[in-house]
Number of protein chains: 2
Amino acid sequence: MDDIELHDLARRYRDILRQAVYLVRSIDADGELSTGQVATLNMIAAQPLRVGAIARNAGIRVPSATEQVIKLGSLGLVERKADESDARVVLVGLTDAGRSALAEANARRNATMATALKTLDADELQAVAKAIPAIAKLNEALAS
Amino acid sequence: MDDIELHDLARRYRDILRQAVYLVRSIDADGELSTGQVATLNMIAAQPLRVGAIARNAGIRVPSATEQVIKLGSLGLVERKADESDARVVLVGLTDAGRSALAEANARRNATMATALKTLDADELQAVAKAIPAIAKLNEALAS
DNA sequence: GTCCATAGTTAGGTAGCCTAACATATAGTT
DNA sequence: AACTATATGTTAGGCTACCTAACTATGGAC
């Protein structure tokens, strides 16, 4: 694929992405938890993470992550634990309430998306499914 | 495609989209114009729009659009004109400076995206290209 | 002409990000 | 062991972009 086509693809991809960004935000606005909050909860679902790791994964600075953690903590969704081997470290994990709030939020968001996906025909669904790994790779390339 | 698969696709699609949202923001952060500002300028590139139309297209409220227009106006990128047939209406159009700033911003963003696209192989590029119309349709479905 | 609807602005508030400055803990050096 | 440099978070203060509520001015219906 030559440069001209590549630039055209870039333009078209950016166009739909811009729209999608807005839509994701509006889907998320339905619930009580913001996009960023759900993203943070998802991150620590598998195992507790330090504040710095949350910041890095979310693409924000450490003080912003601290803020988020404080907020989520005051909502009772996360808890802060000490790291046994390093007293500087704060480990942030889900509470039971956090776990169920996350499950609910994810379910609602996925359901909305699934409903939208139903409007696509089989070929289009196939196209989206096939593109996902490529987009994931693209995301990685953009991240660096 | 049955419901279970659909929900799985929804989840995976939401995952990469969430990442992409963050990346779009970080790409945009490189320039002097914010994501929203460029989106607004793009909107009025073809023909001047009223403040209300800008708000609707951008998915924001009218007062927020007013703010944006004021900001862009003070940067000399847009100009406000009266509508001849309705004195309540404010038409917002690009100035020459706005047009060239927009071209520059788009070029820079597309170039960044094109560079990232170069890391994909032919099959992956094909997959992205094919998915774009489907995603556009999906966006429409989500918008309603 | 009165009344309601529409277009936009102004005022005031909030969420979520930022940088700079700080406190504390660890690790490395002598 | 003491001294210094590095790493982890928090606090303080500020900015942008959004919001709702209240307002002004124009337009349209009756």
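Criteria and cut-off values
- Residues numbered from 1 in each chain as written.
- Chains lettered and ligands numbered in written order.
- Predicted model: local features only at pLDDT ≥ 70, side-chain atom pairs only at ≥ 80, totals over all residues.
- Heavy atoms only, no water.
- Contact = heavy atoms within 4.5 Å.
- Buried area = accessible area lost by both parts, 1.4 Å probe.
- Salt bridge = Lys/Arg side-chain N within 4 Å of Asp/Glu carboxyl O.
- Polar contact = N/O pair within 3.5 Å; in protein donor to acceptor, adjacent residues only side chain to side chain.
- Helix = DSSP H or I, 4+ residues; strand = E, 2+ residues; numbered from the N terminus.
- Core = buried A, V, L, I, M, F, W, Y, C linked by side-chain atoms within 4.5 Å.
- Buried < 20%, exposed > 50% of the residue type's maximum accessible area, 1.4 Å probe, protein only.
- Near = heavy atom within 4 Å.
- Pairing = 2+ DSSP bridges.
- Nonpolar A, V, L, I, M, F, W, Y, C, P; charged D, E, K, R; others polar.
- Axes fitted to C-alpha atoms, helices over the stretch in contact; angles between N-to-C directions.
- Parallel < 35°, antiparallel > 145°, perpendicular 65-115°, else oblique.
- Left-handed = near helix turned anticlockwise from the far one by under 90°.
- Domains from an automatic or database assignment.

Contacts between chain A and chain B engage 56 residues on the former and 56 residues on the latter. Here chain A packs against chain B, burying approximately 5400 Å² in sum over the two surfaces, 76% of which is carbon and sulfur. Viewed at the interface, chain B and chain A are joined by two salt bridges. For A:Lys137, the salt bridge goes to B:Glu124, with nearest N and O atoms at 2.9 Å. Summed over the shared surface of chain A and chain B, the number is eight residue pairs in polar contact (both at pLDDT 80 or more). If you list the elements that add at least two residues to the side of chain A that touches chain B, you get α1 (3-28), α2 (35-43), α5 (96-117) and α6 (122-143) of chain A.

For the rest of this paragraph, the subject is the nonpolar core. Ranked by size, the top nonpolar core spans 46 residues in total, and within it A:Tyr13, A:Met113, A:Leu117, A:Val128, B:Tyr13, B:Met113 and B:Leu117 carry the most contacts. Of all the elements in the fold, those that place two or more residues in this core are α1, α5 and α6 of chain A together with α1 (3-28), α5 (96-117) and α6 (122-143) of chain B. The contact partners of B:Tyr13, leaving out residues within four places of it in the chain, are A:Met113, A:Val128, A:Ile132, B:Ile135 and B:Leu138.

In the vicinity of DNA strand C there are 21 residues, among which A:Ser64, A:Ala87, B:Thr66, B:Arg80 and B:Arg88 approach most closely. In DNA strand C, atoms within 4 Å of the protein come from the sugar-phosphate backbone in 71% of cases. In this structure, a base nitrogen belonging to DNA strand C sits 2.9 Å away from a side-chain N or O atom of A:Glu67. A:Gln68 is positioned with one of its side-chain polar atoms (N or O) 3.1 Å from a phosphate oxygen of DNA strand C.

Residues and elements named next belong to chain A. Spatially, β1-β3-β2 is the arrangement adopted by the three strands of the open sheet, whose pairing is antiparallel. For this open sheet the edge positions go to β1 (49-50) and β2 (78-83), each flanked by a neighbour on one side alone. The pairing of β2 with strand β3 (residues 86-94) spans six bridges and is classified as antiparallel. Paired with Asp83 across the bridge in β3 is Asp86.

What follows concerns the protein's contact with DNA strand D. Inspection of the region around DNA strand D gives 21 residues, with A:Thr66, A:Arg80, B:Arg61, B:Ser64 and B:Ala87 positioned closest. For DNA strand D, a phosphate oxygen lies 2.8 Å from a polar atom in the backbone of B:Arg61. One of the side-chain N or O atoms of B:Gln68 is found 3.1 Å from a phosphate oxygen in DNA strand D. Listing elements by their share of the surface near DNA strand D, those giving two or more residues are α3 (51-58), α4 (62-74) and β3 of chain A together with α4 (62-74) and β3 (86-94) of chain B. Top element by residues in the surface near DNA strand D is α4(B). It accounts for five residues. A breakdown of the residues in the surface near DNA strand D according to their chemical character gives eight nonpolar, five polar and eight charged.

Attention now goes to the sheet that holds strand β1 (residues 49-50) of chain B. All names here are of chain B. Pairing is antiparallel in the open sheet, where three strands are placed in the order β1-β3-β2. The open sheet is flanked by β1 and β2 (78-83), the only strands paired with a single partner. Relative to β3, β1 runs antiparallel, the two sharing two bridges. When the bridges of β3 are listed, Leu49 appears paired with Val92.

Axis separation between α6(A) and α5(B) bottoms out at 9 Å; the angle between their running directions is 120°. The angle between α6(A) and α5(B) falls in the class oblique. You can see that α6(A) and α5(B) cross each other, and the crossing is right-handed. Between α6(A) and α5(B), the contacting residues are A:Leu138, A:Ala141 and A:Leu142 on the first element and B:Thr112, B:Met113, B:Ala116 and B:Leu117 on the second. The class makeup of the residues in the contact of α6(A) with α5(B) is six nonpolar, one polar and no charged.

What follows is about the domain arrangement of chain A. Residues and elements named next belong to chain A. Assigned domains within chain A: domain 1 (1-30) and domain 2 (35-143). Summarising the inter-unit geometry, the C-alpha centres of domain 1 and domain 2 are found 21 Å apart. On the domain 2 side, the residues contacting the four residues of domain 1 number six residues. Between domain 1 and domain 2, roughly 570 Å² of surface is buried when both sides are summed, and carbon and sulfur atoms account for 63% of that area. At the junction of domain 1 with domain 2, the criterion picks out zero salt bridges. Along the contact surface separating domain 1 from domain 2 lie zero residue pairs in polar contact (both at pLDDT 80 or more). Broken down by class, the residue content of the side of domain 1 that touches domain 2 amounts to two nonpolar, no polar and two charged.

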